[in-house]
Amino acid sequence: MNLGMLQRAFLRHRYVKNRPAYEGLLRHIDAHGDVWKAPQRDVAAWWEARQVAALDLRVAERETLQIGCALEGAVVEIDGGELRIPPFTHPISASQAPGAIEITFHCGSADQDFAMEVFGHLGYRHIVPAYLNDAADIRKETLEPIYARLRETAAAHQRYGDEDLSSLRSVIRSAHQRRGIPDLRLWTLPHRKGRPYRVCVSPRFDVDRAIVNMPLIHDLEGPYGMRSTAYVRPCGPFYGAREIRRYLKRLGGNEIALHGEFVTTAGRFGDEFKAAAGEKRLLEFITGMEAAGICMHGGELSSNMSNNTRPAIEAARFKYETLYRNGYFLPLHLPSGMGTLRTLSIGQHFADLNVKPGPGFADELLSAFIDRFSKAVAAGGFFVPVLHPLFFDFAHYLADVENLFRLGAYMPKYAASVARMRRGQSYLNKTY
């Protein structure tokens, strides 16, 4: 028997109190200003549009560079510092001939798709491939080793390496300078009424059980203008379609995404691939809306992550996932073969259950959230805190008689599972 699991459950319900920490985070964010508060579907939509958008650079008159962009909400970063809203002009050398300006590069055909992904990731889609027989501003030999390192790091850690990105940006900056123009790129975030956002906060709520608490959380977020994403379980034992539809009536501008459990439901649907597609269709049927996003549920002492998880998500055509916690604050398309996966990967950065339960839980959680928020600000990126609604108001959850019955039906199964687990084992279906 794994008595540690029983102790963990007791300590969580005794000490894990999310409301004070989340309220503190909301106040901190509100005081900061220039924060985009958006659910993950909006983050994904923005990033996909930015990923393919290019700056329009042209010399229309002597010593003047015109900078434009067709992307709605676009912001341009100049020489790694100043942010401006296009269209605008910038002074350049009188030696520049009139006409459009493009920065060009050479790369092998095997690297071209990945190269365009990386240039888009950094906001440099005005850098385009040169024909093989034409001179290029950036040589193939310079780029290939950087591509290799970026691809390797992304495949292993679901992020790009900071040093490799810095090396690539240095190469790009030099190419701009040789052409007599400043280093220009699309900023990572949009603007609101001409004021660029400096960071985005997009909270994620893993609704394992207490969907009844989500309206209370949205009431808490409302005065601060926060919008968030709730990941719900259409096949879970603690609530069903009726409760999801009841929550839908109070959803407002927030988002419902899928809290997937493909390993658990594979027996019901046939396999993990069919479970991914089946859970997505079921949630869309219940809500009448697209289930754009996915994260995986790890509760009930069973892991739902396997070697099939990522391919199943890709096959089911989710628009984004929030599977990985790796300290990276920008979305990306992970490498696959010589190209990239279709599904966008949005990082998550800190969860309530990462804090050891104890009397100082709320203060420690708030401190961790503020720390990650500060790092997202420094990166001009996206901060995704992860919270569980059950720990906002456990008494409110238990006040619903139906929740009491469902919890009571589950407890004998939980006790039997704990009895079968070895000491130190976290999941019944895994050996560690």
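The structure under discussion appears in the preceding block.
Since the model is a prediction, treat every value here as computed from it, not as a measurement.

### Let's talk about the nonpolar core
Turning to step 1, where the next piece is worked out: If you look at the biggest cluster of nonpolar residues, it comprises 125 residues, and the most contacted ones within it are Y22, F105 and F119.
Turning to step 2, where the next piece is worked out: With residues near it in sequence (within four places) discarded, Y22 still touches P203, F205, I217, L220, E221, M226, L387 and F392.

### Points about the packing of helix α8 (residues 241-248) against helix α10 (residues 272-287)
Turning to step 1, where the next piece is worked out: The geometry of α8 relative to α10 is characterised by a closest axis approach of 9 Å and an angle of 55 degrees between their N-to-C directions. In terms of orientation, α8 and α10 fall into the oblique class. Here α8 and α10 pass one another in a crossing that is right-handed. Two secondary-structure elements touch here, α8 through A241, I244, R245 and L248 and α10 through L283, F285, I286 and T287.
Turning to step 2, where the next piece is worked out: A class-by-class count of the residues in the contact of α8 with α10 yields six nonpolar, one polar and one charged.

### As for the side chain of H297
Turning to step 1, where the next piece is worked out: Note on placement: H297 falls in the loop between β17 (293-296) and α11 (309-315).
Turning to step 2, where the next piece is worked out: Taking relative accessible area as the criterion, H297 reaches 2% and is therefore assigned buried.
Turning to step 3, where the next piece is worked out: Filtering out sequence-adjacent residues up to four positions away, H297 remains in contact with D208, R233, H259, G260, E261, S302 and N304.

### Some points on the pattern of salt bridges
Turning to step 1, where the next piece is worked out: For the structure on display, the rule yields 29 salt bridges.
Turning to step 2, where the next piece is worked out: A salt bridge links E63 to R62, with the shortest nitrogen-to-oxygen separation between them at 3.1 Å.
Turning to step 3, where the next piece is worked out: Residue class for E63 comes out partly exposed when judged on its relative accessible area of 35%.
Turning to step 4, where the next piece is worked out: For R62, a relative accessible area of 62% corresponds to the exposed category.
Turning to step 5, where the next piece is worked out: The closest approach of N and O atoms between E243 and R406, which form a salt bridge, is 3.1 Å.

### Details of the sheet that holds strand β6 (residues 88-91)
Turning to step 1, where the next piece is worked out: Spatially, the four strands line up as an open sheet ordered β6-β3-β2-β7, and their pairing is antiparallel. Pairing within the sheet leaves two strands with one partner each, and these edge strands are β6 and β7 (99-100).

### Section: the environment of W46
Turning to step 1, where the next piece is worked out: Mapped onto the secondary structure, W46 falls in helix α3 (residues 40-52).
Turning to step 2, where the next piece is worked out: Of the residues examined, W46 reaches a relative accessible area of 8% and is grouped as buried.
Turning to step 3, where the next piece is worked out: Once residues within four sequence positions are removed from consideration, W46 is found in contact with W36, L71, E72, G73, A74, W187, T188, L189, P190 and F382.

What counts, and where the lines are drawn
Residues numbered from 1 in each chain as written. Predicted model: local features only at pLDDT ≥ 70, side-chain atom pairs only at ≥ 80, totals over all residues. Heavy atoms only, no water. Core = buried A, V, L, I, M, F, W, Y, C linked by side-chain atoms within 4.5 Å. Buried < 20%, exposed > 50% of the residue type's maximum accessible area, 1.4 Å probe, protein only. Contact = heavy atoms within 4.5 Å. Axes fitted to C-alpha atoms, helices over the stretch in contact; angles between N-to-C directions. Helix = DSSP H or I, 4+ residues; strand = E, 2+ residues; numbered from the N terminus. Parallel < 35°, antiparallel > 145°, perpendicular 65-115°, else oblique. Left-handed = near helix turned anticlockwise from the far one by under 90°. Nonpolar A, V, L, I, M, F, W, Y, C, P; charged D, E, K, R; others polar. Salt bridge = Lys/Arg side-chain N within 4 Å of Asp/Glu carboxyl O. Pairing = 2+ DSSP bridges.

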